[in-house]
Amino acid sequence: MFNSVSLNTCAVGTKVVSVEQDQKLTATLLYPSGPVRNRPLVALHGISRDARALADHFAPEADAAGRVIIVPRFARKHWPVFQRITHRHRPDRALLALVADLRLRNVITSEAFDLFGFSGGAQLAHRFAMLHPEHVADLHLGAAGWYTLPDASMPYPMGLGPSTRGDDRWGRRMASGLAAYLDRRIVLYVGGLDDDPNDPALRRKPELDMAQGTTRLVRARRYAEAIRDLQLKNGVPATCALHELPGCSHDFADCAENGGLTAFAARPAAEKLN
Amino acid sequence: MKAIMHPPVDMFKTAKWAFSTRRVNRMDAVRMNDQFENAQAGDLILGRVSEIGQHRNIQLTSGRRSLLYPGDLVVLACGARYAPDQFEGVAKINPAGADMLAGGGCIGEMRLRNERIRPATKILPLGRIMAKDGTPLNLERYALPKARIPTALPVIVVFGTAMNSGKTLATARLAYGMRRAGLKVAALKGTGTGAFGDYNEYADTGVHYVADFTDAGMVTTYQEPLDRIKTGVETLLSSAERAGCDIAVMEIADGLYQRETAELLNDTWFRTRIGGLVFACGDAVAASGGVTELKRLGYRPDVLTGILSCSPMAAAEARAATGVRVVNKSDLADPSEAMMLARKAFVPCALAAE
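Everything in this summary refers to the structure shown in the same document. Predicted model only: the values in this text are computed from it and were never measured.

Turning next to the overall build of chain B. A tally of regular secondary structure across chain B gives ten helices and 17 strands. A compact globule built from 354 residues would reach a C-alpha radius of gyration of about 20 Å, and chain B, at 21 Å, matches this within 12%. Each principal axis of the C-alpha atoms in chain B carries an extent, and together these give about 65 × 45 × 30 Å. Taken over 354 residues, chain B has a buried fraction of 57%. Residue pairs in contact within chain B that sit at least 24 positions apart in sequence constitute 73% of those at least 6 positions apart.

Listed below in structure tokens is the structure:
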């Protein structure tokens with residue numbers, strides 16, 4: 001199924017891995033120039049699929065944090081949908097296959113990796129972590145458009161209840177890992193100016209607006225609050241935090257350059273800028 | 001001991017050794033005797049094919065089938081067999097002519113035969129194979145080491161209504177799904193008749209470790225004492241644990257009413273040892289009957305699967321009748337579904353019916 005693998009060196013310390021499963025997934029690997037001190041970070045792009053921008057902005061952080069940073073690219077040709085996990089679209093399985101391959105290559109040697117996503121990538125990141133929490137250590141969610149809430153009263157993918165078509169598989173699967181999902185550091189980031197309810201890239205539906213709010217900023221606040229509440233109810237540390245990046249819009253480069261997003265996400269807690 | 005009629009070593013070299021003998025060091029086979037009345041389950045028997053019947057092939061230790069011809073020399077293990085769609089037989093060797101009870105390498109005496117199949121392939125026993133010191137070579141001698149301390153490896157068991165209800169496929173697909181989720185998985189067969197079909201199907205999934213009861217020294221588990229079967233199960237789990245596995249999926253052969261299967265289900269140690277139960281069945285009525293019987297024994301399956309799951313209508317009937325989810329082979333092979341079952345198994349004693 002996913003035994004066709006190629007490895008091409010494209011620059012010093014940077015490699016591209018392609019893993020073929022149901023669809024092809026490529027990834028850029030950013031190696032620190034010095035010794036590896038921290039577990040790897042997987043960074044997921046948004047719907048612009050601009051993995052290069054993520055690689056460019058995370059490259060200095062690989063050195064600074066002493067960690068391998070893995071930047072997959074979900075090409076439109078193979079992945080018309082990658083933000084959500086459905087029976088037709090399985091970006092989670094592609095990521096698992098990529099991770100398995102990187103383990104065989106000794107790129108990933110830790111039990112779990114940190115996971116970052118921006119916009120659509122943050123949507124996938126939290127859904128992947130809910131489905132496969134055993135693989136994820138710290139979770140960093142940058143400006144997700146909307147979230148799958150750990151709430152069985154709402155249909156999947158808004159919540160964990162049966163979908164509107166009556167399929168209860170995804171909700172069950174995520175619910176079974178929920179305790180493990182909550183038991184980690186979950187950090188949300190959103191630009192202070194990411195508050196446009198009319199952004200055409202933002203998913204708007206009455207039930208979604210009612211449950212999560214009408215802007216990414218509000219949705220991030222509500223999600224962080226919901227997760228903190230659930231963490232407390234589950235008796236685990238309420239680690240969920242929200243960093244609002246002042247003056248930043250819904251633009252990855254802007255958040256990275258002016259909001260310190262990549263440094264926040266890539267540097268382990270003890271090495272944070274502030 | 002009676003005289004040896006023929007220098008046997010060349011015969012041992014020429015013979016086709018059955019899959020069930022795969023752990024045997026053939027260098028140990030140097031003598032024979034014809035005291036067949038003392039033959040025990042697991043003893044190695046050299047025989048000559050005298051008449052081709054139901055089994056036209058023998059499963060070799062190499063993992064391939066070999067056509068059988070009259071006159072072929074074969075090495076099989078004496079054993080009983082329980083297979084409602086083929087034979088029932090006992091671990092007894094008739095010097096005048098024995099029965100090949102299974103293509104994986106089981107020789108004994110047929111007692112009952114399914115009327116839809118041919119009579120057993122006949123084997124003329126030539127001798128019980130002995131070591132240099134005169135002790136009979138028995139599979140037990142080559143078994144994996146027994147567990148010294150109780151194992152803690154989480155295990156999900158796969159039961160079914162009968163032969164061919166889909167247990168092996170369910171075992172393989174669930175093991176595959178867990179492997180895809182990043183776990184080191186053991187695919188094990190706890191009871192049944194030694195054969196490479198199931199073993200190879202497990203191995204093809206790429207899981208970390210594969211073994212069956214023949215690795216624990218039994219050619220079949222039929223008519224073996226429960227304690228020996230439990231020791232075999234624990235031996236397999238111990239071996240998988242030593243191999244670094246995170247979890248095991250173990251198939252239990254035949255249906256719930258089969259003697260050894262029923263004994264295992266009734267056993268307190270077994271009940272507390274398993275962390276998940278998958279039940280394979282063919283239709284909704286079978287599902288309902290199986291779930292009811294399992295409930296009587298104090299179990300509730302986590303999921304139903306098997307032939308039943310091929311039909312959405314049958315699956316819906318079964319779910320409505322039992323309240324248990326039905327999953328198909330694709331679901332089991334899905335890392336997210338497999339992990340859901342695995343997480344439950346990581347919690348000990350999670351299975352007891354409420």
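This is not the end of the story, as more comes after the structure.
On to the overall build of chain A. A tally of helices and strands in chain A yields nine helices and nine strands. Across the 274 residues of chain A, 47% fall into the buried class. Pairs at least 24 apart in sequence give 63% of the contacts found in chain A among residues at least 6 apart.

Glancing now at the environment of Ala 18 of chain B. Residues and elements named next belong to chain B. For Ala 18, the location among the structural elements is in the loop between strand 1 (16-17) and strand 2 (31-33). Classification of Ala 18 as buried rests on a count of 28 C-beta atoms within 10 Å. Here the alpha-carbon distance between Ala 18 and Gly 103, two residues 85 residues apart in the chain, equals 7.8 Å. With residues near it in sequence (within four places) discarded, Ala 18 still touches Ile 58, Gln 59, Val 74, Val 75, Leu 76, Gly 104 and Gly 105.

Of all eleven residues in helix 10 (residues 335-345) of chain B, ten are buried; the element is thus mostly enclosed. All of the buried residues in helix 10 of chain B are Pro 335, Ser 336, Glu 337, Ala 338, Met 339, Met 340, Leu 341, Ala 342, Arg 343 and Ala 345 of chain B.

Residue and element names in this part refer to chain B. With their axes 9 Å apart at the nearest point, helix 2 (residues 167-180) and helix 3 (residues 196-203) run at an angle of 20° to one another. Considering the angle they form, helix 2 stands roughly parallel to helix 3. Regarding helix 2 and helix 3, the two cross each other, and that crossing is right-handed. For the pair helix 2 and helix 3, contact is made by Thr 168, Thr 171, Ala 172 and Ala 175 and by Asp 198, Glu 201 and Tyr 202, respectively. Counted by class, the contact of helix 2 with helix 3 contains three nonpolar, two polar and two charged residues.

Where the residue is not glycine, phi is negative for most of them; where a peptide bond is considered, it is trans in most cases. The linkage connecting Tyr 156 of chain A with the following residue, Pro 157 of chain A, adopts the cis geometry, with an omega of 10°. Looking at the element boundaries, Pro 157 of chain A is found in the loop between strand 7 (136-142) and helix 4 (169-176). Phi at Arg 49 of chain A takes a positive value of approximately 60°, unusual for a residue other than glycine. Mapped onto the elements, Arg 49 of chain A comes out in the loop between strand 4 (41-44) and helix 1 (51-65). A residue is classified by how many C-beta atoms lie within 10 Å of it, and Arg 49 of chain A, with 16 of them, is partly exposed. Located in the positive-phi region is Gln 223 of chain B, a residue other than glycine, with phi close to 70°. Within the fold, Gln 223 of chain B resides in the loop between strand 14 (209-212) and helix 4 (226-242). You can call Gln 223 of chain B partly exposed: it has 17 C-beta atoms within 10 Å.

Attention now moves to the interface of chain A and chain B. Residue-level contacts link eleven residues of chain A with nine residues of chain B. Those elements that place two or more of their residues in the side of chain A that touches chain B are helix 2 (91-104) and helix 4 of chain A. Looking at which element gives the most residues to the side of chain A that touches chain B, the answer is helix 2 of chain A, with four residues. Considering only residue class, the side of chain A that touches chain B consists of three nonpolar, four polar and four charged.

Residues and elements named next belong to chain B. The alternating pattern of strand 14 places Tyr 209 and Ala 211 and Val 210 and Asp 212 on opposite faces, both of which are buried. Note that strand 13 (residues 185-189) and strand 14 share four bridges and pair parallel. Bridging from a neighbouring strand, Ala 187 pairs with Val 210 of strand 14. Following the chain from strand 13 across helix 3 to the adjacent parallel strand 14, one finds a crossover that is right-handed.

This part takes up the packing of helix 1 of chain A against helix 8 (residues 252-259) of chain A. Residue and element names in this part refer to chain A. At a minimum axis separation of 10 Å, helix 1 and helix 8 run at an interaxial angle of 10°. Classified by the interaxial angle, the pair formed by helix 1 and helix 8 is roughly parallel. Facing helix 1, whose interface residues are Ala 53, Leu 54 and His 57, helix 8 presents Phe 252, Ala 253 and Ala 256. Residue classes in the contact of helix 1 with helix 8 are distributed as five nonpolar, one polar and no charged.

Let us now look at the sheet that holds strand 15 (residues 247-251) of chain B. Residues and elements named next belong to chain B. Reading across the sheet, the six strands line up as 14-13-15-12-16-17 and stay open at both edges, with parallel pairing between neighbours. The sheet is open, and its two borders are formed by strand 14 and strand 17 (303-305), each paired with just one other strand. Shown here is a sheet whose adjacent strand axes are inclined to one another by a mean of 20°, direction ignored. Pairing of strand 12 (residues 155-160) with strand 16 (residues 276-280) involves five bridges; the strand directions are parallel. Residue pairing for strand 16: Val 157 is matched across the bridge by Leu 277.

Bringing the pairing of strand 3 (residues 44-51) of chain B into the picture now. Residue and element names in this part refer to chain B. In terms of strand pairing, strand 3 meets strand 6 (residues 73-78) through five bridges, oriented antiparallel. Counterpart to Arg 48 in the pairing with strand 6 is Leu 73. As paired elements, strand 3 and strand 11 (residues 121-130) share six bridges and run antiparallel to each other. Of the residues in strand 11, the one forming a bridge with Gly 47 is Pro 125.

About the cut-offs
Residues numbered from 1 in each chain as written. Chains lettered and ligands numbered in written order. Predicted model: local features only at pLDDT ≥ 70, side-chain atom pairs only at ≥ 80, totals over all residues. Helix = DSSP H or I, 4+ residues; strand = E, 2+ residues; numbered from the N terminus. Rg over C-alpha atoms; globule rule 2.2 N^0.38 Å. Buried ≥ 20, exposed ≤ 12 C-beta atoms within 10 Å, placed from the backbone. Contact = placed C-beta atoms within 7 Å. Axes fitted to C-alpha atoms, helices over the stretch in contact; angles between N-to-C directions. Parallel < 35°, antiparallel > 145°, perpendicular 65-115°, else oblique. Left-handed = near helix turned anticlockwise from the far one by under 90°. Nonpolar A, V, L, I, M, F, W, Y, C, P; charged D, E, K, R; others polar. Pairing = 2+ DSSP bridges. Right-handed = clockwise from strand over helix to strand, strands pointing away.

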